[in-house]
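Structural description and commentary
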Amino acid sequence: MADIKAVEVSQKKNIRLNNTAVLFIILVVMFSVFSYVGRPFFFSKLNLIPMLNNLSFIGIVAAVLTMVMVSGEIDFSIGGNIGLTACLTALLLSRGLPGWLVVIIALAGGLAMGAFNGMLVTVVGVNSILATIGTMFIWRGIGYTLTNGESILAMNPVIDYIGRGFVFKVIPFPIVLLVVVFVITYVIMNLSKWGRSIYAIGANPLASYLSGINVKKIKFINFLLCGMTAALGGLILTSLSAVGMPQHGQGLELVIISAIILGGTMLGGGRGQILGTLAGVLILSVLYNFLTIMNIYYFYIQMVQGSVLILVVSAYEIRLAMAKRRI
Amino acid sequence: MKKSLLWLLIMLITVSMIATFSLAGCKKEAKPAEEAAKLEEELAEKEATAKELQAKLEEAEAEIAAEEAAGAYDYYYMLKEYAGKGEPYPDAPAADHTLAFTDIMGGIPFCINVWNSVQDQWKLAGGDPDKLYYADNQYDATIGLKNADIMLAKNPDALINFQFDSKVNSIISTKFGAAGIPIITVDVPCPGAPFMGCNNFKVSYMAGERAIEEVEKMGGIDKLDAIVLIQFPAGGEVLMLRSEGFYQAFVDKYGADVIDPITVRADGGAGEAEQANKAMTDILSKIPDAEYVAMTSINEETMSGCLAAIQTAGRWDPDKWFIITMGCDDVGKQQIRDGLIDGAVAFFPERYGEYLVPASIALMKGDVVPPFMYVENEIITKDNIDEWYPE
């Protein structure tokens, strides 16, 4: 019996790997076609660097949210967290606090928001969908209260560098942050005991608990990290726009979750790949960028993005069903 | 041990969160006298700023007049004349040029009209439709920034920027300035860029004056129970003027001591009837005895939701509600014809292109344009609607 299960798990792992590879192949094909059709604008430094810059905060949050989702939970409050962090950052800067201190406070605020979500889910036992929808409104509400609904200028050398700075005068800093976060989350999810525990918890929390995994602790830490990276996303967005406003991040939770699901992460947990998430984020961003370059109206862009999501997720399910049939 | 450490961490984080929010947002409890003094101080400061702004505006107007007299804007005015007549511009000045337009929120009647008029004028100017780039900012600063970057990559000869937050515009302005691409901003100020659109305070003040006429006909301010302003704070300070001018007209006429106690403000959203409906329902329960009400909102889509709420509550009486809206788009025209509103200040979005395209071409050619290009406004009522918009 145990052998059969092991075969199933290994089979599923193969499917995951294949799905991620397929996504990257799709991405390469899309990129090539778009470069040709969208010439001379699409494949240019002037377009690609800002595109990567603009997707950096989405990617950073998506990477850590993948960990939360693989463990079987979800965090809808990331958009609210981004908005509140942006407001807090701008407000504290306007009060004359030094940039480095503001960054620390903003990240601590993100940790606090993550901790609050984690507590609600792991200690109080509230379903993570409900808990984080609730906190999403709370964070955004606090943002509106702090700023009176107005945008506040956020200009400071430290904050400016986070979203608009360059490493060695060549590589945009947000892209460096994106790569660092993806490398760390990849190592955690694929090469550490913690990552294996996350997959186990997502697949079967009860069995994980019985086998000695501290389920609550791992979920709590995931929420904590998710809160902090959302705050980092908020800092990048504040820097990119030079403004803190409560509307920042509005609707981003859906974009980010769509990218993660597109990358192969299952809503119920237990399945998902960090590289898949990266591919999901890149596919959605490249698609938006190309369609906008081609003067396509936003409604059609939304329709295309929605259709791609449904197509890819349907393809996953079909492939999984076929693989099960083969076993 | 681990558990207690975890709890300690949670406590620490929660305390730091509360401390942070307190530091940033909470105000000290002030004694009434202190509060009054502070208010007076703030008021004086605001008055000084307003005077300063007024002086600057007058200075700018004088400068514009001087430049106009010197013929600095002749090329722009020449093109505008053709645009106004709907005739092809001489020498097809837009041929071989590219123009980018980032729309504040495609899909709402006002923006559709603006975009259509830009396209029409671009054709009249001899521009290639494929060289007129478009992106929809979806009333979202994040998308607005993304679109600005994409437009920058397309390297247009000029950008018409219609983006909702003036402060975010500063980044857009910096990026395009560095690339040497001129910008014309629509309705929302953008540093260093000529402004085209409506003077939000002026149009709202006009609406207020029109409502006052109705109030006077009805028997004076004593009979008025409430002034309702359906606003959209998230739209920023400039958009707030679109309703605050209405209030100011009443204050100028009757004094703040009379107007403040009967004024109610609510967030009706950017143009979603549902949110406005909910806001209005809440207002109606706040003013249960109000019969005579003067009201305005930022646009007609918002007013649709409000009207539905008033009717649902059974409190609709066209003789007792004095409603002036902003924009006079297709929804507004219908509301006027149906007798649901007393009037609308028309922004003539279908004529925005007559200003924007000539100005863009003038800038592409290295000419100068006036720093402020205000669209002419009219109050459209049931009496004159057929004159402006024949059916």
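Below or above, wherever it landed, is the structure these notes cover. What you see is a predicted model, and the numbers here were worked out from it, not measured in a lab. (Residues numbered from 1 in each chain as written. Chains lettered and ligands numbered in written order. Predicted model: local features only at pLDDT ≥ 70, side-chain atom pairs only at ≥ 80, totals over all residues. Heavy atoms only, no water.)

**Things to note about the overall build of chain B**
When its secondary structure is counted, chain B shows 14 helices and 12 strands. Within chain B, the fraction of its 391 residues that count as buried is 52%. For chain B, long-range pairs separated by at least 24 residues make up 73% of all intrachain contacts whose partners lie at least 6 apart in sequence. (Helix = DSSP H or I, 4+ residues; strand = E, 2+ residues; numbered from the N terminus. Buried < 20%, exposed > 50% of the residue type's maximum accessible area, 1.4 Å probe, protein only. Contact = heavy atoms within 4.5 Å.)

**Things to note about the side chain of Asp149 of chain B**
Along the chain, Asp149 of chain B falls in helix H5 (residues 141-153). For Asp149 of chain B, a relative accessible area of 8% gives the class buried. Among all residues touching Asp149 of chain B, those that are not within four sequence positions of it are Pro50 and Asn54 of chain A together with Lys175 of chain B.

**Looking at the sheet that holds strand S4 (residues 183-186) of chain B**
All names here are of chain B. Overall, parallel pairing links the 6 strands, which are arranged S2-S1-S3-S4-S5-S11 in an open sheet. In this open sheet, the two edge strands, each paired with only one partner strand, are strand S2 (132-136) and strand S11 (372-374). Taking each pair of neighbouring strands and ignoring which way they run, the sheet shows an average axis angle of 15 degrees. Note that strand S5 (residues 195-197) and S11 share 3 bridges and pair parallel. (Pairing = 2+ DSSP bridges. Axes fitted to C-alpha atoms, helices over the stretch in contact; angles between N-to-C directions.)

**Re the packing of helix H6 (residues 157-164) of chain A against helix H7 (residues 173-191) of chain A**
Residues and elements named next belong to chain A. Closest axis-to-axis distance for the H6/H7 pair is 5 Å, and the angle between their directions is 65 degrees. The pairing of H6 with H7 is recorded here as roughly perpendicular in orientation. Each of Tyr161, Ile162 and Gly163 in H6 lies in contact with H7, whose residues at this interface are Phe173, Pro174 and Leu177. Looking at the contact of H6 with H7 residue by residue, the classes come out as 5 nonpolar, 1 polar and no charged. (Parallel < 35°, antiparallel > 145°, perpendicular 65-115°, else oblique. Nonpolar A, V, L, I, M, F, W, Y, C, P; charged D, E, K, R; others polar.)

**Some remarks on the interface of chain B and chain A**
The interface is formed by 45 residues belonging to chain B together with 49 residues belonging to chain A. When chain B packs against chain A, the two sides together hide about 3900 Å² of surface, and 69% of this comes from carbon and sulfur. Applying the counting rule to chain B against chain A returns 0 salt bridges. For the pair chain B and chain A, the number of links is 8 residue pairs in polar contact (both at pLDDT 80 or more). Listed by contribution, the elements that provide at least two residues to the side of chain B that touches chain A are helix H1 (2-25), helix H4 (109-124), S2, H5 and helix H6 (166-179) of chain B. Ranked by residue count, the leading element in the side of chain B that touches chain A is H1 of chain B, at 13 residues. Residue composition of the side of chain B that touches chain A, by class: 25 nonpolar, 11 polar and 9 charged. (Buried area = accessible area lost by both parts, 1.4 Å probe. Salt bridge = Lys/Arg side-chain N within 4 Å of Asp/Glu carboxyl O. Polar contact = N/O pair within 3.5 Å; in protein donor to acceptor, adjacent residues only side chain to side chain.)

**Things to note about the sheet that holds strand S9 (residues 321-327) of chain B**
Residue and element names in this part refer to chain B. Spatial ordering of the open sheet is given by S7-S6-S8-S9-S10-S12, a layout of 6 strands whose pairing is mixed. Edge positions in the sheet fall to strand S7 (263-267) and strand S12 (378-380), since each has one partner strand and no second. Between one strand axis and the next, the sheet turns by 20 degrees as a mean value, whatever way the strands run. Where S9 lies against strand S10 (residues 343-346), 4 bridges are found, and the strand directions are parallel.

**A word on the packing of helix H4 (residues 99-124) of chain A against H6 of chain A**
All names here are of chain A. One can describe the packing of H4 onto H6 by two numbers: an axis separation of 7 Å at closest approach and a directional angle of 60 degrees. As judged from the angle between their axes, H4 and H6 are oblique. Contacts from Gly99, Trp100, Val102 and Val103 of H4 reach H6 at Val158, Ile159 and Ile162. Partitioning the contact of H4 with H6 into residue classes produces 6 nonpolar, 1 polar and no charged.

**Focus on unusual backbone geometry**
Negative phi characterises most residues that are not glycine, and trans characterises most peptide bonds. Cis geometry marks the peptide bond from Arg39 of chain A to Pro40 of chain A; its omega dihedral reads 5 degrees. Looking at the element boundaries, Pro40 of chain A is found in the loop between helix H1 (2-37) and helix H2 (45-70). Here Asp91 of chain B, not a glycine, exhibits a phi torsion of approximately 65 degrees, which is positive. As for its placement among the helices and strands, Asp91 of chain B is situated in the loop between helix H3 (74-85) and strand S1 (99-103).

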